Structures are given as structure tokens and as C-alpha cells.
Amino acid sequence: TAKGYVREADLWRIGKGTTGRFIPEGVQRGTAALAVSDIAVRGAAAIDVPDLASLHGGEIAVQTAPGNRMAPVIGQYLVWFSVEGESPPAETTVRGVVHLVGARESLLASFWRQALKVLIRESGA
């Protein structure tokens, strides 16, 4: 089992069963096939895997919050993965990136979705 985070903006593109590959940092380990096994129902209030946070060299931008928590700057959802084949022991942390095969979106659709967000935000709704 592995876990990581997906940006809120990309959450609609994945679901349980979405497959992909884990690509670890460094060249000591090979890639691993995996699949999404579960997704948190709420956004993460804090990043609970320190190695993934920007304060520790990770990719997720965080700011220090009360209680010495690492709060994500943009919405992040915790995702659990089932790893095919042999995986490192549970107490081992291996930082890397997961590339998932998610739903596609055209450039025009992406632009339209972003424009709607701005219009809604600016209208005060």
C-alpha cells in the first residue's frame, strides 16, 4: 500500500481503480505499477507525510499552521494506492511521483472551466 496526494483541481480525473506508475526519486529503485484503492472524501487540512511537503523538499506547497501542522496552500486530497508486485516495507518512505491514466480534457474545456471559476468568484456567489 502507498499513499500520496492529488490536487483538488485534478480530483475529477481519477477514481477507484485508476491505474498508473510510481516513479521514485533517484535511480536506486525501479518504477512500480499501482492502482487507486481509495480517495479521501474531504480535502486534507494538513499534509501528514512530511517528505511530500515543500518544507522538507517535497512538491506540495505548504505553510505552517497552528499546532505545527503543514497546511497545503492549494486543495489536496489524500489518495491510497495498491501496489502491484513487491513493495518496500511499510515503515519505509520512498518519495516520488505517480503518473495516473485519468480522464482527458481538451485545452478548450480546461480554459472554459477556468473562466467559469473566475466568473463565479468575481460575482460573489
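The structure under discussion appears in the preceding block.
About the criteria used
As a convention, each chain's residues are numbered from 1 in the sequence order in which they are written. Totals for whole chains, interfaces and linings use all residues, but because this is a predicted model, local features are given only for residues with pLDDT of at least 70 and pairs of side-chain atoms are given and counted only at 80 or more. Based on all heavy atoms of the structure, the side-chain values leave hydrogens and waters out of the count. Like charges within 9 Å and nonpolar side chains (Val, Leu, Ile, Met, Phe, Trp, Tyr) within 5 Å are joined into patches, using only residues over 30% in relative accessible area that form no salt bridge. Exposure was quantified through the Shrake-Rupley algorithm and a 1.4 Å probe, taking into account, for residues, occlusion by the shown protein chains and nothing else. Salt bridge, as used here, is a side-chain nitrogen of Lys or Arg placed within 4 Å of a carboxyl oxygen of Asp or Glu. Segments assigned H or I by DSSP are reported as helices when at least four residues long, segments assigned E as strands when at least two residues long, and all are numbered from the N terminus. When a residue's accessible area, from a 1.4 Å probe over protein chains only, is under 20% of the maximum for its type it is buried; when over 50% it is exposed; and in between it is partly exposed.

Re a nonpolar patch on the surface
And step 1. A cluster of nonpolar residues, Trp112, Leu116, Leu119 and Ile120, forms a patch on the protein surface that exposes about 430 Å² of accessible area.
And step 2. Examined against the element boundaries, Leu116 turns out to sit in helix 1 (residues 107-123).
And step 3. Judged by relative accessible area, which is 34%, Leu116 ranks as partly exposed.

Some points on the pattern of salt bridges
And step 1. Under the defined criterion, the tally for this structure stands at four salt bridges.
And step 2. In this structure, Asp10 and Arg7 form a salt bridge, with 2.6 Å as the shortest nitrogen-oxygen distance.
And step 3. Ionic pairing is found between Arg95 and Glu25, a salt bridge with its closest N-O pair at 3.1 Å. Residue Arg95 is found in the loop between strand 6 (76-83) and strand 7 (96-100), and its partner Glu25 is found in the loop between strand 2 (19-24) and strand 3 (32-39); the two are separated by 70 residues along the sequence.
And step 4. Judged by relative accessible area, Glu25 falls into the partly exposed class, the value being 44%.

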